[in-house]
Amino acid sequence: MEVKPTGTVGAEVKGVDLARLSAAQIDSIKQAWYRNDVLVFRKQKLTDDDLLAFSRHFGRLDPPPNQGAGKKSPPGYPDVYVVSNVLDAQGEPIGALGDGEAAWHTDMSYIAWPPDASMLYSLEIPREGGDTWFTSMRAALKKMPPKLVERLRKLDIKHDATYDSGGYARKGVKATDDPRTSPGTPHPIVIQHPESGEEALYLGRRRNAYIVGLKLKESERLLDEIWSYAETAVYKHRWALGDLVLWDNRTTMHRRDAFDPKARRVMHRTQIKGSHAPRRTSV
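The structure displayed is predicted, hence computed values, not measured ones.

Draft legend 1. How the structure looks around the pairing of strand β16 (residues 252-256). For β16, the tally of buried residues reaches 5 of 5 residues, placing the bulk of the element in the interior. The side-chain alternation of β16 yields two buried faces, one formed by Thr252, His254 and Arg256 and the other by Met253 and Arg255. Two elements, strand β6 (residues 102-105) and β16, share 2 bridges in a ladder whose sense is antiparallel. Bridge pairing in β16 links alanine 102 to arginine 256.

Structure (structure tokens):
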């Protein structure tokens, strides 16, 4: 097995078949993941059962989120989440998030125990567009002035539950743009990774974010300052068929480019249930 860094964040893992892994390979993949935050596996041939089996090596599976289109899963696979713009025979989307841009976000950070990890497997991809970007929250924190970091260690952000990363109001949730009253969950801005012990920013989404205890104007100003460091170390993933990408939701954010609405894009995603709430750094 070869682990080759993709740049400032992430690595490509070569020489493995994710449908047939030894215990030693699984351990090596986990160690590579803790070091690199994002892992790319090319030319995989996985069934949904294979995808679920690989996912379970990282923890308990988390059910799909409530997105603008609701919860979308393939028949018989409630723990697999479909991300797609394709419509069925009745004109209903088979998946969520459509074909538009998806803003920077961390998966399901609006709940008390957000997922530790997510992975996305490509089944159909457009000729161009639909690329996924990842940014390191460890690198962003290290780029910040020490005085700012010390202030942030004492503060929490309320992560909004109103909108998904495509900008759609979640099914059954009333749209609102007042971050002080919108539904959501507060989390520490600076957290400590439970395995590596390293610190990282934990930002979630920019829209409707709110720093608890501050006046709205001051919260917005400070959030703008924090987010100015968000793209310190970025990797752009250009999808090919059979790619699987695994990422750590505690130390990265991701976003997606828009693509031609007439093109087909079908991805299957799983996520790993959070082992605990994001923890404030002990440093």
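Draft legend 2. Quick peek at unusual backbone geometry. The phi torsion at lysine 43 lies on the positive side, around 55°, for a residue other than glycine. Structurally, lysine 43 is set in the loop between β3 (38-41) and α2 (48-55). The exposure class assigned to lysine 43 is exposed, which follows from its relative accessible area of 76%. We note that leucine 97 has phi near 80°; this positive angle belongs to a residue other than glycine. Checked against the element boundaries, leucine 97 lands in strand β5 (residues 96-97).

Draft legend 3. Fine view of the nonpolar core. Met144, Leu152, Ile189, Leu201, Leu203, Ile211 and Ile226 are the most contacted members of the largest nonpolar core, which totals 25 residues. At the level of elements, α3 (137-143), α4 (146-152), β12 (199-201) and α5 (216-227) are the ones that each hand at least two residues to this core. Per element, the largest residue contribution to this core is 4 residues, and it comes from α5. In contact with leucine 203, not counting residues within four places along its chain, are Met137, Ile157, His159, Ile189, Ile226, Trp227 and Met253. Of all hydrophobic cores here, the second largest spans 23 residues; its members include Ile29, Leu52, Ala117 and Tyr121.

Draft legend 4. How the structure looks around the side chain of lysine 72. Mapped onto the elements of the fold, lysine 72 is located in the loop between α2 and β4 (81-84). Buried and unpaired, lysine 72 has no salt bridge, with glutamate 92 as the nearest side chain of opposite charge at 4.9 Å. Those residues in contact with lysine 72 that lie beyond four places of it in its chain are Val80, Tyr81, Val82, Pro93, Ile94, Gly95 and Ala96.

Draft legend 5. Region of interest: the packing of aromatic side chains. Under the definition given, this model contains 6 aromatic pairs. Centre to centre, the rings of tryptophan 33 and tyrosine 34 are 5.6 Å apart; their planes meet at 35°, and the pair counts as tilted. Here tryptophan 33 falls in the buried class, since its relative accessible area comes to 3%. A network of ring pairs unites the aromatic residues Trp33, Tyr34, Phe41, Phe54 and Phe58 as a single cluster. Directly above the aromatic system of tyrosine 163 lies the positively charged group of arginine 207, at a separation of 3.5 Å from the ring centroid.

Draft legend 6. Structural context of the sheet that holds strand β10 (residues 184-188). Ordered by their spatial adjacency, 3 strands build an open sheet running β10-β9-β13, and the pairing between neighbours is antiparallel. Two strands bound the open sheet, and with one partner strand each, they are β10 and β13 (210-211). Where strand β9 (residues 156-160) lies against β13, 2 bridges are found, and the strand directions are antiparallel. In the strand pairing of β13, lysine 158 is matched with tyrosine 210.

Draft legend 7. Representation of the pairing of strand β17 (residues 266-272). With 7 of its 7 residues buried, β17 lies for the most part within the structure. As paired strands, β4 and β17 are joined by 4 bridges and run antiparallel to one another. By the bridge assignment for β17, valine 82 is matched with histidine 268. Of the strand pairs in this sheet, strand β7 (residues 117-124) and β17 are connected by 7 bridges, and their pairing is antiparallel. Each residue of the ladder has a partner; that of glutamate 124, found in β17, is valine 266.

How each quantity is defined
- Residues numbered from 1 in each chain as written.
- Predicted model: local features only at pLDDT ≥ 70, side-chain atom pairs only at ≥ 80, totals over all residues.
- Heavy atoms only, no water.
- Buried < 20%, exposed > 50% of the residue type's maximum accessible area, 1.4 Å probe, protein only.
- Helix = DSSP H or I, 4+ residues; strand = E, 2+ residues; numbered from the N terminus.
- Pairing = 2+ DSSP bridges.
- Core = buried A, V, L, I, M, F, W, Y, C linked by side-chain atoms within 4.5 Å.
- Contact = heavy atoms within 4.5 Å.
- Lys, Arg positive; Asp, Glu negative; His and termini not counted.
- Salt bridge = Lys/Arg side-chain N within 4 Å of Asp/Glu carboxyl O.
- Phe/Tyr/Trp six-rings, centres within 6.5 Å; stacked < 30°, edge-to-face > 60°.
- Lys NZ or Arg CZ within 6 Å of the ring centre and 35° of its normal.

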